[in-house]
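Spelled out, the chains give:
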Amino acid sequence: MRMSYQRISVIGGGSWGIALASAAKRAGRDVILWTRSQQDADILDRKRESSRLPGATIDSDIAITADLTKAAQCDAMLLVVPAQALREVALSLAPVIAPDTPVLACAKGIERGTRKFMTEVIVETAPKAAPGILSGPSFASDVVRGLPTAVTLAARDEKTASALAHALGSATFRPYHSTDLRGVEIGGAAKNVLAIAAGIVSGRGLGASAAAALTTRGFAELTRFGRALGAKPETLTGLSGLGDLILTCSTPQSRNFSLGLALGQGLSPLEAIAKTSLAEGVYTAAVLNDMAREHNVDMPIVAAVADVVEGQASVDEAISRLLTRPFRAEG
């Protein structure tokens, strides 16, 4: 089972793509890393390092290419591109990927416009592929350095999920396998939005007590939404749910937390977005809020973040709205 997926392709040459390529190589796989341009591929191949991951080196045995057809010659694929770009890349892969190749989305978000989760986008754009998702509490800088990290890897059937977990797993990178695709995706998408709220709390100097309350009540919202969409409770309380929420709500190392921090310190949404790197929660907030309303799920923190990011409410207005909600039983 461990050798079932020997050839691993990583689609995406950003920090997370490089980190996952390094993890797969550390697990003993044959790894090919795809970047969007030949120029980027040449630079990475020559330097064997990325400015996005200072001090980290790319193993010399990791092949680097800009040829998508070459990258598609694999046993399993990690699709490591931003959530809103995943459709475009998956469409390009569809003609060249072999039938039943596992394609694991490694982005945490929901597609705007369609309101589709990442595995749904894969099914729609590359129907020959076997969709999966990899998510959990993990920073690229930790994974690339080989620091201990645990994540959740979900596929449609347990045999595939288990085999992929064995193929990618090592002493320092531990995937726990699951068949709850939707639960894993909900945790990753929702925690990004909630991390923006946590950053706002920190940026406004509201204190550790408020931060703890925000994270706890945010998890209650994530759980309600997950239940409404059929997620398993153990997934929501696991690595890809509660675990990832705790990580991203606690440190500026999280892009979404950093964006919220900038908002809390007084920057406008446009200024905060320009200041921080790609924060998936910016694009997920509004669609998650719309989906919550559609399923009659109460998510006041998500709604507040959506309003702030979309410029429909100031930070102070959003905070006041949350603090003046009616008292109620916990749940």
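Residues numbered from 1 in each chain as written. Predicted model: local features only at pLDDT ≥ 70, side-chain atom pairs only at ≥ 80, totals over all residues. Heavy atoms only, no water.

The protein chain carries the name Glycerol-3-phosphate dehydrogenase [NAD(P)+] in an unreviewed UniProt entry, which gives Pseudorhodoplanes sinuspersici as its organism. For the protein chain, the Pathway (unreviewed entry) comment in UniProt is given as "Membrane lipid metabolism; glycerophospholipid metabolism." According to the UniProt record, the Subcellular location (unreviewed entry) comment for the protein chain reads "Cytoplasm". (UniProt positions renumbered as here; feature names shortened; annotations may be inferred.)

A.B. asks: Quick one: what's the story with the overall build of the protein chain, residue by residue and with numbers?
C.D. replies: Within the protein chain, the secondary structure is distributed over 16 helices and 10 strands. Against the globule reference of 20 Å for 331 residues, the protein chain gives a C-alpha radius of gyration of 19 Å, in line with a compact fold. On the principal axes, the C-alpha backbone points of the protein chain span a range of 55 × 40 × 35 Å. Across the protein chain, contacts joining residues at least 24 apart in sequence account for 71% of those joining residues at least 6 apart. Carbon together with sulfur atoms contributes 52% to the accessible area of the protein chain, which is approximately 14,100 Å² in total. (Helix = DSSP H or I, 4+ residues; strand = E, 2+ residues; numbered from the N terminus. Rg over C-alpha atoms; globule rule 2.2 N^0.38 Å. Contact = heavy atoms within 4.5 Å. Areas by Shrake-Rupley, 256 points an atom, 1.4 Å probe, with all protein chains shown as cover.)

A.B. asks: For the domain arrangement of the protein chain, give the residues involved together with the corresponding values.
C.D. replies: The domains assigned to the protein chain are domain 1 (7-179) and domain 2 (188-324). With 25 residues of domain 1 at the interface, the matching set in domain 2 holds 29 residues. Between domain 1 and domain 2 lies a buried interface of about 1,900 Å² when both sides are counted; carbon and sulfur atoms form 62% of it. Our count for the contact surface shared by domain 1 and domain 2 stands at 4 salt bridges. (Domains from an automatic or database assignment. Buried area = accessible area lost by both parts, 1.4 Å probe. Salt bridge = Lys/Arg side-chain N within 4 Å of Asp/Glu carboxyl O.)

A.B. asks: Pulling in residues and values, what's your account of the pattern of salt bridges?
C.D. replies: What the rule picks out here adds up to 17 salt bridges. Between Arg-48 and Asp-45 there is a salt bridge, and its shortest N-O distance comes to 2.5 Å. Look at Arg-48 and you get buried, because its relative accessible area is 14%. A relative accessible area of 40% places Asp-45 in the partly exposed class. Between Asp-244 and Lys-108 there is a salt bridge, with the nearest N and O atoms lying 2.7 Å from each other. (Buried < 20%, exposed > 50% of the residue type's maximum accessible area, 1.4 Å probe, protein only.)

A.B. asks: Tell me about the nonpolar core, and please be specific about residues and values.
C.D. replies: The biggest cluster of nonpolar side chains holds 46 residues, and the ones touching the most others in it are Phe-225, Leu-263 and Leu-288. Looking at this core, the element that brings in the most residues is helix H8 (residues 181-203), giving 11 residues. Here Leu-288 is in contact with Ile-110, Ala-190, Val-193, Phe-225, Met-299 and Val-302, once residues within four sequence places are set aside. Counting residues in hydrophobic clusters, the runner-up holds 38 residues, among them Val-80, Leu-153, Ala-161 and Ala-163. (Core = buried A, V, L, I, M, F, W, Y, C linked by side-chain atoms within 4.5 Å.)

A.B. asks: Account for the sheet that holds strand S8 (residues 130-135), with residues named and values stated.
C.D. replies: One key point about sheets: their strands pair by backbone hydrogen bonds, in either a parallel or an antiparallel sense. Read across the open sheet, the 8 strands follow the order S3-S2-S1-S4-S5-S8-S9-S10; overall the sheet is mixed. Every other strand in the sheet has two partners, leaving strand S3 (63-65) and strand S10 (173-178) as the edge strands with one partner each. Strand-to-strand twist in this sheet, taken as the mean axis angle between neighbours without regard to direction, amounts to 25°. Running over the sheet, H8 touches S8 and strand S9 (149-155) and is turned about 40° from S8. (Pairing = 2+ DSSP bridges. Axes fitted to C-alpha atoms, helices over the stretch in contact; angles between N-to-C directions.)

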